[in-house]
Amino acid sequence: MKVADLSQRDMAGQLTGKGLPIQIGPFWINLRSTIPDLLRHVAFFYSEYETTESARFFDFHITLKNAGGLRRWVKPQVHFLLDEYAPFKPLPYIHAFAMFEWGLNWCIATTAHRYLIIHAAVLEKAGRGIIMPGVPGSGKSTLCAAMALRGWRLLSDEMVLLDPATRAITPVPRPVSLKNESIGIIRDFSAMAEIGLAAKDTAKGTVAHLKPSATSIRLAGVTSRPHAIVFPKFRAGSRTRLTEKAKNSALLEIQENAFNTHILGKVGFESATSLINSCPVFSLEYSQLEEALPIMERLIADSEVPA
Amino acid sequence: MERRWFANAPDQFCWSIWPDEEEAVLFHQGSGDTLMLNPLGEFLLKRLQLERQTPSELTRSAADFFEIDANSELADAVHLSLLTFRSLGLVISDSL
Amino acid sequence: MVEPLIIQVLVSPDRITRFSAADWDLLMRQAKAANLLAHLHRVLQERGLGDAIPEGPAHHLRAANLITQRSVLAVRWEISQLQEALYSLAIPIVLLKGAAYVLADLPISRGRLFHDIDILVPRSAVEDVEKRLLTWGWRTTHSSAYDQRYYRTWMHEIPPMRHIKRQTVLDIHHSILPLTARLKPDPQKLLAQATNDGGQGDLYWLCDLDLILHSATHLFHDGELEHGLRDLVDIAELLRHFAGRAGFWPALCDRAVEMDLVRPLIYGLRYVQLLLAVDIPEDVTLWMRDQLPGSLLGSTMDRLFLRALRPDHASCGMWGTGQARWALYVRSHYLRMPMKLLIPHLVRKALTGENEGELPGEVQRFIANNPRHRDPG
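My aim in this report is to walk through the structure given alongside it, one point at a time. Being a predicted model, the structure only gives us computed values, none of them experimental.

The next thing to look at is the overall build of chain A. The helix and strand tally for chain A stands at 10 helices and 16 strands. By residue count, 58% of the 307 residues in chain A fall in the buried class. Restricting the contact set of chain A to residue pairs at least 6 apart, pairs at least 24 apart contribute 71%. Within the structure as shown, chain A displays about 12500 Å² of accessible surface, and the carbon and sulfur contribution to it stands at 53%.

See the structure below:
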């Protein structure tokens, strides 16, 4: 049963009551909130996700609630609670939905240690996955959003869940987080882009989300295999250029970009090494999406990419 | 008397090395750090994983290995490497 | 009263074989709130119940176990750094609590998360230790003059130090109870009995009996009861581990008398027996009754502790849990220092608390006074 199968009133009733179960990739969350922006966020972005009516085990019980006290009347704030524990300082009320997405990232990154969790976008075409690790400003999210709008299956815009033994990637498709200029770029890029409310003046500037395709959500249970790793680097005015990247520096960057290397230790390091040995690694410098996208297509078409 | 140095928990060192690349990647489980090492650094740490060594012993064996002179320049490089490794918690010195 | 699921399962792990999905959900929430996931994992595995755990909870238990394994390595490494920093001082460094369990390789260290590292050094050496650590990247966490003076005048430790790069927190003790406490355990006696298992160097840990006594003292006289169940499990596990040794119980009771720590030991024994079903021999029970006659045990303290030691989770909240923790918090302050010191201290802390809003005032003060529980980093 999907969230969309609930009436608006039932959905709101559950969110404001005992909680709305949502399956997000391999995780089940139980979400509670009375904040209207968050209700709209869930209705818009999570309608295609599975929910359930039966009692079950939840990976995360998440509540977003107004910070109480007198502050409520002056600068209203919102708390993110994992069960009863508040891992973060509260944020301005209007950032509630962004806080939910960040908070859920944090829940996954600090708990799902059955995977090596790499901070990267991952998309798939023809059964072939491309991993795009990215530091802020690398243009990873913009490229990821553009690929998702051109028919690539979105596995994640934020975290690769890699099985250390088999190297299978478990999808955890979520709204793609866009920042600042990216929001306009993606709006202009495709008339099909469904973009939610913008949260202004967050720690990361203005943030808005792109809705993933229904197919990506429907296929969340189907794992993928890495076909190539591409480190994108957006540089205004640059010529689009794909170059092979040294394995040692790729490994160093993967380690730095992984959320749980310190937990997985040797197993994580060996799995990152084997990931890098299993597929070619590139750097992609680009300034134009329309030039970068065909390169990604070519990588997929080429089954004999030099490893 | 010279101090002797050795790897901090030798079994916690994980190496990834590619034959066509000069620098090695080291992950140290205790500190949780991942580092890229030049050939001298790699040689020294691997040596200290095996046994306790004084700086002069290390300088001599590095000279043999790389087939260069055990001059003061190499001795300085060894010394500097040891200090760096020490600050990263990769090596500890003999307190006996 | 109905015991929280986590306590039921710790006492009778077999119960999980009859658990519904909703039971599992609640058990895991309580275990997580009590910081007992890794311990639960160990208990269920040791009882051969691994296969009875459904996939969802199993992932979380294994993850907690992995975090524990990693933190054992991290603690060992952090200790190596301390040793490297302090070796030329040639003073004994005695590890306490978690770090001691790791170095002594006790089973308990395999089901426990670690936050701070606690060491005990001779009081005369504290200044040298502090200076040396400053050059190794450690900085004080309490820079206000008030806090510095408060710690240095009244406390059994200097303000905690945090490493600038690694963020590890180090507590440097010169005793295990504040200087003003009514109980006066002699730190010299702790140092004298510290052990290093025949190893070399300056690194030691408290002897078995003192580990137990310190654990009980920490729980019942330190006012950190929101992790009370976690600490009680420590005491239970230490007792279970060492109790098989010939002459253990008389030695433990004698050491408690020698160290002036009879009362915390008795509380520890009483509540591990009541809540976690640890076997206490009858002659020890008699000894307990002799030492603390009549009404001191039972009624009031039981009512307070049995509430306060429940996991810090709404599902375990009974009317009075918060009040019980608060009453015991005041009590532990009272045990630590004379009334004339207690009152200004509490008031001062209340004013610096930064939380406003829904929490009852006493809980806010409690949190304000336990900064490490406020900030997960």
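And the narrative resumes.
What follows covers the interface of chain A and chain B. Residue-level contacts link 14 residues of chain A with 12 residues of chain B. When chain A packs against chain B, the two sides together hide about 1200 Å² of surface, and 68% of this comes from carbon and sulfur. On inspection of chain A and its partner chain B, the count reaches zero salt bridges. The tally of links between chain A and chain B comes to seven residue pairs in polar contact (both at pLDDT 80 or more). Contributions of two or more residues to the side of chain A that touches chain B are made by α8 (247-257) and α9 (261-278) of chain A.

One pass over the structure, following the stated rule, counts 28 salt bridges over all chains. C:Lys165 is paired through a salt bridge with B:Asp33; the nearest N and O atoms lie 3.7 Å apart. On the criterion of chain membership, the pair formed by C:Lys165 in the loop between β4 (161-163) and β5 (169-173) and B:Asp33 in strand β4 (residues 33-37) is interchain, its members lying in two chains. C:Glu78 serves as the salt-bridge partner of C:Arg166, at 2.4 Å between the closest nitrogen and oxygen. Here the residue C:Arg166 occupies a position in the loop between β4 and β5, and C:Glu78 occupies one in helix α4 (residues 55-86), the gap between them amounting to 88 residues. Note on C:Glu78: relative accessible area 5%, which makes it buried.

In this section: the interface of chain C and chain A. In this assembly, 24 residues from chain C lie in contact with 27 residues from chain A. The tally of links between chain C and chain A comes to one salt bridge. Between C:Arg29 and A:Asp83 there is a salt bridge, with the nearest N and O atoms lying 2.9 Å from each other. Across the contact surface, chain C and chain A share seven residue pairs in polar contact (both at pLDDT 80 or more). Elements that contribute at least two residues to the side of chain C that touches chain A include exactly α2 (21-33) and α4 of chain C. In terms of residue count, the dominant contributor to the side of chain C that touches chain A is α4(C) (eight residues). Of the residues belonging to the side of chain C that touches chain A, the class tally is 10 nonpolar, six polar and eight charged.

Here we take up the environment of B:Leu44. All names here are of chain B. By secondary structure assignment, the location of Leu 44 is in helix α1 (residues 39-50). Leu 44 sits 14 residues away from Leu 58 along the chain, and the two C-alpha atoms are 7.0 Å apart. Every residue in contact with Leu 44, bar those within four places of it in the chain, is listed here: Leu 58, Val 78, Ser 81 and Phe 85.

A few words on helix α5 (residues 140-149) of chain A. Within α5(A), 10 of the 10 residues are buried, which leaves it mostly tucked inside the rest of the structure. Backbone geometry just after α5(A) places A:Gly151 at a positive phi near 95°.

With that settled, consider the nonpolar core. If you look at the biggest cluster of nonpolar residues, it comprises 109 residues, and the most contacted ones within it are C:Leu133 and C:Leu232. Sequence-distant contacts of C:Leu133, defined by excluding residues within four places in its chain, comprise C:Leu82, C:Ala85, C:Leu86, C:Trp138, C:Met161, C:Leu170 and C:Ile172. Formed by 39 residues, the second largest nonpolar core is a distinct cluster that contains A:Leu6, A:Tyr49, A:Ala98 and A:Ile117.

Moving on to the environment of C:His214. Residue and element names in this part refer to chain C. Relative to the elements of secondary structure, His 214 occurs in helix α9 (residues 208-221). Separated by 29 residues in the primary sequence, His 214 and Pro 185 place their C-alpha atoms 10.0 Å from one another. Among residues more than four places away in sequence, those in contact with His 214 are Leu 96, Lys 97, Ile 176 and Leu 206.

Our next topic: the packing of aromatic side chains. Applying the stated criterion across every chain, the model contains 16 aromatic pairs over all chains. For the ring pair A:Tyr46 and A:Tyr49, a centre distance of 4.6 Å and an interplane angle of 45° mean the geometry is tilted. The exposure class assigned to A:Tyr46 is buried, which follows from its relative accessible area of 0%. By relative accessible area, which is 2% here, A:Tyr49 ends up buried. Geometrically, the ring pair formed by A:Phe234 and A:Tyr286 is edge-to-face, given 5.5 Å between the ring centres and 75° between the ring planes. One end of the pair, A:Phe234, is in strand β14 (residues 225-234); the other, A:Tyr286, is in strand β16 (residues 281-286), with 52 residues separating them in the sequence. With a relative accessible area of 34%, A:Phe234 lands in the partly exposed category. With relative accessibility at 1%, the residue A:Tyr286 sits in the buried group. Ring pairs connect the aromatic residues A:Tyr46, A:Tyr49 and A:Phe100, which therefore count as one cluster. Sitting over the ring of B:Trp15, B:Lys46 keeps its end group 4.9 Å from the ring centre. Seen from the ring of B:Phe6, B:Arg52 lies directly overhead, with NZ or CZ sitting 3.9 Å from the centre.

With that settled, consider α4(C). For α4(C), built from 32 residues, the straight-helix expectation of 46 Å at 1.5 Å per residue is met to within 8% by its first-to-last C-alpha distance of 46 Å. Of all the 32 residues making up α4(C), 23 are buried; the element is thus mostly covered by neighbouring parts of the structure.

Here is what the cut-offs are and how they apply
- Counting of residues starts from 1 at the beginning of each chain's written sequence and follows it residue by residue.
- Labels follow written order: the first chain is A, the first ligand is 1, and so on.
- Predicted model: local features are reported for residues with pLDDT of at least 70 only, side-chain atom pairs are reported and counted for 80 or more only, and whole-chain, interface and lining totals are derived from all residues.
- Remark: hydrogens and water are excluded; side-chain values derive from all non-hydrogen atoms of the structure.
- Put simply, DSSP H or I for four residues or longer makes a helix, DSSP E for two residues or longer makes a strand, and each gets a number counted from the N terminus.
- In this scheme, a residue with accessible area under 20% of its type's maximum is buried, one over 50% is exposed, and one in between is partly exposed, where area comes from a 1.4 Å probe on protein chains only.
- The criterion used for residue contact is that any of the two residues' heavy atoms lie within 4.5 Å.
- The Shrake-Rupley method, run with a 1.4 Å probe, gives the accessible areas here. Residue values count only the displayed protein chains as cover.
- Once two parts are joined, some of their accessible surface, as seen by a 1.4 Å probe, is lost; buried area is that loss totalled over both.
- Definition used for salt bridges: Asp or Glu carboxyl oxygen within 4 Å of a side-chain nitrogen of Lys or Arg.
- Pairing of N or O atoms within 3.5 Å defines a polar contact, subject to two protein rules: one partner must be a possible hydrogen donor and the other a possible acceptor, and residues neighboring in sequence count only if both atoms are side-chain atoms.
- Residues were grouped as follows: Ala, Val, Leu, Ile, Met, Phe, Trp, Tyr, Cys and Pro as nonpolar; Asp, Glu, Lys and Arg as charged; and all remaining residues, including Gly, as polar.
- Joining through side-chain atoms within 4.5 Å is the link that ties buried Ala, Val, Leu, Ile, Met, Phe, Trp, Tyr and Cys residues into a set, and such a set is a nonpolar core.
- Classification of ring pairs uses Phe, Tyr and Trp, with its six-membered ring standing for Trp, and accepts pairs whose centres are within 6.5 Å; under 30 degrees between planes counts as stacked, over 60 as edge-to-face, and the remaining range as tilted.
- Distance and angle both matter: a charge sits over a ring if NZ of Lys or CZ of Arg is within 6 Å of the ring centre and within 35 degrees of the ring normal.
- Given the number of residues in a helix, its expected span is that number minus one, multiplied by 1.5 Å.

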